[in-house]
Each structure stands twice: as C-alpha cells, then as structure tokens.
Amino acid sequence: MFHDSPIYDRLIAERGDVPGQVRREAERVSRELEIVLRPTQALGYPETASRASSPGAGWQRTALMPGQLPS
C-alpha cells in the first residue's frame, strides 16, 4: 500500500504490520461467519439482511424522558 515510504516502513519495523494483522483477522472472522451461517441458510431461514430490513422486525427499545418509569 505505502511503497517507498520510509516513515511507514519504520513504523512497521517498530510496531509490526498492524493494518495487515487487522486485515487477516477480519478475513478469518468473515470465513468463520460464513461457516456458522451456512446451516441456517440451508434450512430455509431468511437471511439476516432481509429480517433486519423489514419494519417491526426484532426488539425495539423506546426512549424515556428523564424521571419517567417504564410502564
């Protein structure tokens, strides 16, 4: 990404390749999520995106004015 950048190269040498580590970890988590979510998709459950986009889906918390108690 930052070719010919002595400052970036020195940071990598001192602190390690943090952006690279984050990228690899994000890819690993993404692969694990694919594996975990695959069985629910095979069973015919709706995908998460379609459930979240429909109005009224899921639990919703309403805000209270200061001093109000929930009914």
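For the structure itself, consult the block above.
Here we summarise the structure given alongside this text.

Reading guide: rules and limits
Residues numbered from 1 in each chain as written. Predicted model: local features only at pLDDT ≥ 70, side-chain atom pairs only at ≥ 80, totals over all residues. Heavy atoms only, no water. Salt bridge = Lys/Arg side-chain N within 4 Å of Asp/Glu carboxyl O. Helix = DSSP H or I, 4+ residues; strand = E, 2+ residues; numbered from the N terminus. Buried < 20%, exposed > 50% of the residue type's maximum accessible area, 1.4 Å probe, protein only.

Details of the pattern of salt bridges
Item 1. Applying the stated criterion across every chain, the model contains 2 salt bridges.
Item 2. Here R28 ties to E25 by a salt bridge, and the two come within 2.3 Å at their closest N and O atoms. Here R28 and its partner E25 are both found in helix α2 (residues 18-42), 3 residues apart, which amounts to about one turn of the helix.
Item 3. Of the residues examined, R28 reaches a relative accessible area of 32% and is grouped as partly exposed.
Item 4. The class of E25 is partly exposed, set by a relative accessible area of 38%.

By themselves, these figures tell us nothing about what the structure is for.
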